[in-house]
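The residues making up each chain are set out below.
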Amino acid sequence: MTAQVMDTKPTKRFWWLFGIYAVICVGFAVFRKYPLRSDSLVYFTWASQTAQMHTWFPYPQTIYDPWLASLFHVNLGALFLRIHNAPVTLHFLNAAANLTQLYLVYRLTLKFFGEQSAWIVAWMYVLYLNSLGLVVLNLSELTFTACTLLCIWFYVQKPEFTWGLLSGLMAGFALGCRPLIVALLLVYGLVWLWTWRYKKRNNYTQLIGIVLGVFLFVVPMGMYSKSQTGQFVYSTTTGPINLLMSGFDGATGVYNDSILKNDSVYLSKKTFYEKGEYIQARAVQWIMSHPTKWFSFWPHKIKTTFVNDDIAISPLLGDPNWSFERFIKDARLPRQQRQFWQQSLVYCAAFLAIHTFQFAYYLLLLGLWGYQLIYYWRRRHTAPLIVWIINGFTFLGFLMTYVGSQGNLRYKYPYLVISLILFAPIVVFEKKLSRKNKEITR
């Protein structure tokens, strides 16, 4: 593990690409209309009501919701909805988060792998269309991933208290969206132990800064939520329901809340914490009684997460009625075939072109994701710190996901986007190797 870095300023050609992509993002934010539903609608409703009441989330009425989720994401949205209370405001926030991600994957690659790799990773990011589609949804993927990248960016600057504090604050913001940022904090702890044990360096001031930075979000957020709901809440409270998805006889490892619809005990619970306590106790009891069956769900969880990648492709065309998965499954039926081909010829062609490109590109990225493990393991003695941070975060993050939740294709988005940083150097290496082999064979 080496600390060697190659930090330089972004090039002019990157700023051209960044500017063009920014125009595209803003164009989608302003002109693409897409209906809010499911989590997007829930988050917008919370943020909109928070803005109207000129308060913060959670507010007292949310005590009767089934759960609370993405507190930082909702509060960030509510802050800007006070200016203009409409979904387009959140689109602009998403566009800003999307551009932040592009800038940070470029800068982190530039810092550790050089300009050629950084230029490739910028294009890799732009061509990954889910990030653009997420601009018009109100999900927490962009907020969480942008905060995580900022957390990593501040961490790798210098092992000092100030940078650690900033890194920890960003981790706190990410924790306010999803608890899975804990996986990255665990990696930081392991890096500190490794540095102290084998490098004889004790960067305890950075570690203290990280812990303090996390607390700077957790404590005020928790105290505020306690004053409003009676519970110290600083992150999503969907853990119990996610655990239950793989904790009952009819479970398969994917989302299925049918077990709660006829549960009289659950329906009698009034508050989110009463519901959560009951669900968690029920799920834990079932898992402890059926450990083998619980583990048998894991292959289905993994399949559900990785076999499909239509996280936010449909919004690019503005039609929520068709996704690539539905097209593959339902278009084989005569009635659904007619429904699809009754769309305009331009829409059908665009749908097939965009989804075919995205799926093929996703398969390429998936292959690089696997190959980079072999590539960097062979270079483990010279691989930069960022390799171990990202792969450690990915491994522990997925482990926590499959222990405490079900399979969902959205869960891989942050890890795949951040792992792009590791893919670009492999492309550069393979290009150089191919050129070298051609010269040898001449």
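Keep in mind it's a predicted model, so treat the numbers as computed, not measured. (Residues numbered from 1 in each chain as written. Predicted model: local features only at pLDDT ≥ 70, side-chain atom pairs only at ≥ 80, totals over all residues. Heavy atoms only, no water.)

The subject of this paragraph is the overall build of the chain. Helix and strand counts for the chain come out as 22 helices and zero strands. Compactness check: the chain gives a C-alpha radius of gyration of 23 Å against a globular reference of 22 Å for 442 residues, within 12% of the reference. By principal-axis analysis of the C-alpha atoms, the chain measures approximately 75 × 60 × 50 Å. Burial analysis of the chain (442 residues in total) assigns 51% to the buried set. Summarising the internal contacts of the chain: among those between residues at least 6 apart in sequence, 78% fall at separations of at least 24. Carbon and sulfur atoms make up 66% of the accessible area of the chain, which totals about 20700 Å². (Helix = DSSP H or I, 4+ residues; strand = E, 2+ residues; numbered from the N terminus. Rg over C-alpha atoms; globule rule 2.2 N^0.38 Å. Buried < 20%, exposed > 50% of the residue type's maximum accessible area, 1.4 Å probe, protein only. Contact = heavy atoms within 4.5 Å. Areas by Shrake-Rupley, 256 points an atom, 1.4 Å probe, with all protein chains shown as cover.)

So, on to the packing of helix α4 (residues 87-113) against helix α5 (residues 115-127). Two numbers describe how α4 lies on α5: the axes approach to 7 Å, and their chain directions differ by 155 degrees. With respect to α5, the element α4 is oriented roughly antiparallel. Helix-helix and strand crossings are classified by hand; for α4 and α5 the assignment is right-handed. Of α5, the residues touching α4 (which contributes Asn98, Gln101, Leu102, Val105, Tyr106, Thr109, Leu110 and Phe113) are Glu115, Ser117, Ala118, Trp119, Val121, Ala122, Tyr125 and Val126. Residues of the contact of α4 with α5, tallied by class, amount to eleven nonpolar, four polar and one charged. (Axes fitted to C-alpha atoms, helices over the stretch in contact; angles between N-to-C directions. Parallel < 35°, antiparallel > 145°, perpendicular 65-115°, else oblique. Left-handed = near helix turned anticlockwise from the far one by under 90°. Nonpolar A, V, L, I, M, F, W, Y, C, P; charged D, E, K, R; others polar.)

Attention now moves to the packing of aromatic side chains. Applying the stated rule across the entire model yields 37 aromatic pairs. With centroids separated by 5.7 Å and ring planes inclined at 10 degrees, the aromatic side chains of phenylalanine 357 and tyrosine 361 adopt a geometry described as stacked. Residue phenylalanine 357 and its partner tyrosine 361 are both found in helix α20 (residues 345-378); the two are separated by four residues, about one turn of the helix. Look at tyrosine 361 and you get buried, because its relative accessible area is 9%. One aromatic cluster is present, formed by Trp294, Phe295, Trp298, Phe306, Trp369, Phe393, Phe398, Tyr402 and Tyr415 through successive ring pairs. (Phe/Tyr/Trp six-rings, centres within 6.5 Å; stacked < 30°, edge-to-face > 60°.)

To continue, consider a nonpolar patch on the surface. Residues Phe161, Tyr204, Ile208, Val211, Leu212, Phe215, Leu216, Val219, Met223, Phe232 and Tyr234 make up a contiguous nonpolar surface patch of about 1000 Å² in total accessible area. Within the element layout of this structure, methionine 223 appears in helix α10 (residues 204-229). (Patch = residues over 30% accessible without salt bridge, like charges linked within 9 Å, V, L, I, M, F, W, Y side chains within 5 Å. Salt bridge = Lys/Arg side-chain N within 4 Å of Asp/Glu carboxyl O.)

Across the interface, helix α7 (residues 141-155) lies against helix α8 (residues 161-175) with an axial gap of 8 Å and an inter-helix angle of 165 degrees. Considered as vectors, α7 and α8 are oriented roughly antiparallel to each other. Between α7 and α8 the crossing geometry is left-handed. Note on element contacts: α8 touches α7 through Trp163, Leu166, Ser167, Met170, Ala171, Phe173 and Ala174, opposite Phe144, Cys147, Thr148, Leu150, Cys151, Phe154 and Tyr155. Tallied by class, residues from the contact of α7 with α8 come to twelve nonpolar, two polar and no charged.

Residue placement: serine 131 occurs in helix α6 (residues 130-133). Assessed through its relative accessible area of 0%, serine 131 is described here as buried. C-alpha separation for the pair serine 131 and phenylalanine 398, spaced 267 residues apart in sequence, amounts to 20 Å. If we ignore the near neighbours within four places in the chain, the residues touching serine 131 are Tyr21, Asn98, Gln101, Tyr125, Leu142, Tyr413 and Val417. Separated by 3.4 Å, the side chains of serine 131 and tyrosine 125 make a polar contact. (Polar contact = N/O pair within 3.5 Å; in protein donor to acceptor, adjacent residues only side chain to side chain.)

UniProt records the feature "transmembrane region" (unreviewed entry) for residues 14-31, 132-156, 168-195, 207-225, 344-371, 383-405 and 411-429 in the present numbering. Annotated as 100% helix and 0% strand, the span residues 14-31 places its first and last C-alpha atoms 26 Å apart. (UniProt positions renumbered as here; feature names shortened; annotations may be inferred.)

Before going further, it helps to spend a moment on the nonpolar core. Leu108, Ile152, Ile386, Ile389, Ile421, Leu422 and Phe423 are the most contacted members of the largest nonpolar core, which totals 133 residues. Once residues within four sequence positions are removed from consideration, phenylalanine 423 is found in contact with Met124, Leu365, Leu368, Trp369, Gln372 and Leu416. (Core = buried A, V, L, I, M, F, W, Y, C linked by side-chain atoms within 4.5 Å.)

Below, the discussion takes up the side chain of threonine 236. Within the secondary structure, threonine 236 sits in the loop between α10 and α11 (239-244). A polar atom in the side chain of threonine 236 sits 3.3 Å from the backbone oxygen of leucine 68. A distance of 2.9 Å separates the side chain of threonine 236 from the side chain of threonine 238, its partner in a polar contact.

Okay, the pattern of salt bridges next. Here the idea is simple: oppositely charged side chains can pair when their charged atoms come close. Applying the stated criterion across every chain, the model contains six salt bridges. For arginine 178, the salt bridge goes to glutamate 141, with nearest N and O atoms at 2.1 Å. Note that arginine 178 is positioned in the loop between α8 and α9 (182-198) and glutamate 141 in helix α7, a separation of 37 residues in sequence. A salt bridge links aspartate 309 to lysine 412; the nearest nitrogen and oxygen atoms lie 3.4 Å apart.

Moving on, we get to the environment of tyrosine 34. Summarising the element assignment, tyrosine 34 is placed in the loop between α1 (12-31) and α2 (38-52). Placed 285 residues apart in sequence, tyrosine 34 and aspartate 319 show a C-alpha to C-alpha distance of 7.3 Å. Beyond its immediate chain neighbours, meaning those up to four positions away, tyrosine 34 contacts Val136, Leu137, Ser314, Pro315, Gly318, Asp319 and Pro320.

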